[in-house]
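Chain residues, written in single-letter form:
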Amino acid sequence: MQNEEFSGQAGLDLIQSMINKARNQFGENGHLYLVWGWTILFCSVSQFVLKHFFDYQKHYLVWMITWLTLAYQIFYILKYKRKERVKTYTRDILRQVWFVFAILMILCAFIIGRTVGVDSEKTLTPVFLSLYGMPSFLSGKILQFKPLEIGGMTCWLTAIVALFIPQDFLVLMFGLAVIVAWIIPGYLLQRKYKRELV
Amino acid sequence: MSDFKELDPVLHSQLRLAVISLLISVKEAEFTYIKEKTGSTAGNLSVQLQKLKDAGYIEIVKQYKDNYPQTICRITKEGIDAFEIYVKNLQSYLKVKK
């Protein structure tokens, strides 16, 4: 790029092109949506299978896998941050949204576990599903990506449905919610990201 | 160049305008990122960044990351204001010309 003066229209074109270059850089690659989506889907289906087909008493232990996913997420974010050459407001806000989501999940699990006790699954499932919808919907709005918005709203719908289905099938609602809220948008984001890189 | 009298001379240069347009869209960016996106040479970019800094339009932070020197640039409030005025003036100039 030269360091010389130019016409008015060329100036506006230059501004537009630089803003577009910056915007294309911040595309979300969908990786963490897919990692979490598949983890939750696996846990949800595995718990259902262990409980119903094998009558395994500690079926809920399968959810311990999420700690491994969390460790991977921390590792991935740290690695990504080291490589990051540009910081954007969008990414900052998105990180805060997911941070709030994680805090709310832990708090709700703790509070409901303490207050409701043994029968907490019936309360926890719709509450968790409602929470799942929040980061997806907000991310969709921030990234202007409709599939995430639809995914978030689907989570809220499954939260209502969860109130009317037998307790034995509740865990499958998590799988259903993450397919629409994280897995499908994750693949769509991945495709969009690869296309923008070209 | 009399038509451009009202345009800020600091911004009315291809590379400096490109840098400001890039920085207005982000929180901060590394020197290498700006160099890549503007397609400029390191030497020319350094000189133009210094001019923007002298005008108070950007901040430059030099630090070390993983034992390598790193230069980070971010736009200032004055830079944002100057950019907005520049774009407005450019648009009104184009309207007058039409």
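Just above sits the structure.
These numbers were taken from a predicted model, which means no experiment stands behind them.

A.B. asks: Looking at this structure, I do not really get the interface of chain A and chain B. What am I missing?
C.D. replies: A common measure of how large an interface is: the accessible area buried when the components associate. The interface of chain A with chain B comprises 29 residues on the first partner and 36 residues on the second. For the pair chain A and chain B, the two sides together bury roughly 2900 Å², of which 59% comes from carbon and sulfur. Where chain A meets chain B, there are three salt bridges. A salt bridge links Lys27(B) to Asp92(A); the shortest N-O distance between them is 2.5 Å. Those elements that place two or more of their residues in the side of chain A that touches chain B are helix H1 (8-25), helix H3 (65-83), strand S1 (86-87) and helix H4 (89-116) of chain A.

A.B. asks: I tried to follow helix H2 (residues 31-38) of chain B on my own but got confused; where do I start?
C.D. replies: Structurally, the α-helix is built with 3.6 residues per turn, so residues lying three or four positions apart point the same way. All names here are of chain B. Among all positions of H2, only Phe-31, Tyr-33, Ile-34, Lys-37 and Thr-38 are buried. Along the long axis of H2, the arc covered by the buried residues comes to 160 degrees, so they all point the same way. Gly-39, located one to two residues past H2, shows a positive phi value of around 65 degrees.

A.B. asks: Explain the environment of Thr115(A) here, please?
C.D. replies: Inspection of the secondary structure assignment puts Thr115(A) in helix H4. Owing to a relative accessible area of 61%, Thr115(A) belongs among the exposed residues under this scheme.

A.B. asks: What is the right way to look at a nonpolar patch on the surface in this model?
C.D. replies: On the surface, a nonpolar cluster with roughly 1100 Å² of combined accessible area is contributed by Phe53(A), Phe54(A), Tyr56(A), Tyr60(A), Leu61(A), Met64(A), Trp67(A), Leu70(A), Ile74(A) and Leu78(A). One can find Leu78(A) in helix H3.

A.B. asks: Help me out: how do you make sense of the environment of Asp8(B) in this one?
C.D. replies: Residue and element names in this part refer to chain B. Of note, Asp-8 is situated in the segment before helix H1 (14-24). Linking Asp-8 and Asn-67, residues 59 residues apart in sequence, is a C-alpha distance of 39 Å. For Asp-8, the residues in contact, after removing those within four places along its chain, are Tyr-57, Ala-82 and Tyr-86. Looking at Asp-8, its side chain comes within polar contact range of the main-chain nitrogen of Val-10, at 2.9 Å. In this structure the side chain of Asp-8 is engaged in a polar contact, spanning 2.5 Å, whose partner is the side chain of Tyr-57.

A.B. asks: For this particular structure, what's the right way to read the sheet that holds strand S1 (residues 28-30) of chain B?
C.D. replies: Where strands meet in a sheet, backbone hydrogen bonds hold them as pairs that are either parallel or antiparallel. Taken together, four strands build an open sheet; the order of strands is S1(A)-S1(B)-S3(B)-S2(B) and the sheet is antiparallel. Each edge of the open sheet carries a strand with a single partner, namely S1 of chain A together with strand S2 (58-65) of chain B. Here S1(A) runs beside S1(B); their pairing, made up of two bridges, is antiparallel. Residue pairing for S1(B): Val86(A) is matched across the bridge by Ala29(B).

A.B. asks: Would you take a moment to explain the pattern of salt bridges for this structure?
C.D. replies: Oppositely charged side chains are able to pair whenever their charged atoms sit close together. On inspection of all chains with the given rule, the structure shows 10 salt bridges over all chains. Here Lys77(B) and Asp81(B) are joined by a salt bridge, their closest N and O atoms 3.0 Å apart. Residue Lys77(B) and its partner Asp81(B) are both found in helix H4 (residues 77-97); the two are separated by four residues, about one turn of the helix. With a relative accessible area of 30%, Asp81(B) lands in the partly exposed category. A cluster of three or more residues bridged by salt bridges with shared partners is formed by Lys87(A), Glu28(B), Glu59(B) and Arg74(B).

A.B. asks: How do you make sense of the packing of aromatic side chains when you look at a structure like this?
C.D. replies: Geometrically, a pair of aromatic rings is defined through the distance of the ring centres and the angle of the planes. Residue and element names in this part refer to chain A. Scanning the model with the defined rule gives 14 aromatic pairs over all chains in all. Relative to Tyr-80, the ring of Tyr-76 lies with its centre 6.5 Å away and its plane at 25 degrees, an arrangement referred to as stacked. You can see Tyr-76 and its partner Tyr-80 sitting in helix H3, four residues apart, about one turn around the helix. Here the aromatic cluster, defined as three or more aromatic residues joined through ring pairs, consists of Tyr-33, Trp-63, Trp-98, Phe-101, Phe-128, Tyr-132, Phe-174 and Trp-182.

A.B. asks: Got a minute to help me understand the pairing of strand S3 (residues 68-75) of chain B in this structure?
C.D. replies: Within a regular strand, the side chains alternate between the two sheet faces. Residues and elements named next belong to chain B. As defined by bridge partners, S1 adjoins S3 across two bridges and the pair is classed as antiparallel. Note that in S3 the partner of Ala-29 across the bridge is Cys-73. Relative to S3, S2 runs antiparallel, the two being bridged by eight bridges. Across the sheet, Lys-65 pairs through a bridge with Tyr-68, a residue of S3. From the end of S2 to the start of S3, which pair antiparallel, there are two residues, and Asp-66 there has a positive phi angle of about 50 degrees.

Cut-offs applied
- Residues numbered from 1 in each chain as written.
- Chains lettered and ligands numbered in written order.
- Predicted model: local features only at pLDDT ≥ 70, side-chain atom pairs only at ≥ 80, totals over all residues.
- Heavy atoms only, no water.
- Contact = heavy atoms within 4.5 Å.
- Buried area = accessible area lost by both parts, 1.4 Å probe.
- Salt bridge = Lys/Arg side-chain N within 4 Å of Asp/Glu carboxyl O.
- Helix = DSSP H or I, 4+ residues; strand = E, 2+ residues; numbered from the N terminus.
- Buried < 20%, exposed > 50% of the residue type's maximum accessible area, 1.4 Å probe, protein only.
- Arc of directions from axis to C-beta.
- Patch = residues over 30% accessible without salt bridge, like charges linked within 9 Å, V, L, I, M, F, W, Y side chains within 5 Å.
- Areas by Shrake-Rupley, 256 points an atom, 1.4 Å probe, with all protein chains shown as cover.
- Polar contact = N/O pair within 3.5 Å; in protein donor to acceptor, adjacent residues only side chain to side chain.
- Pairing = 2+ DSSP bridges.
- Phe/Tyr/Trp six-rings, centres within 6.5 Å; stacked < 30°, edge-to-face > 60°.

Structural measurements only, silent on function.
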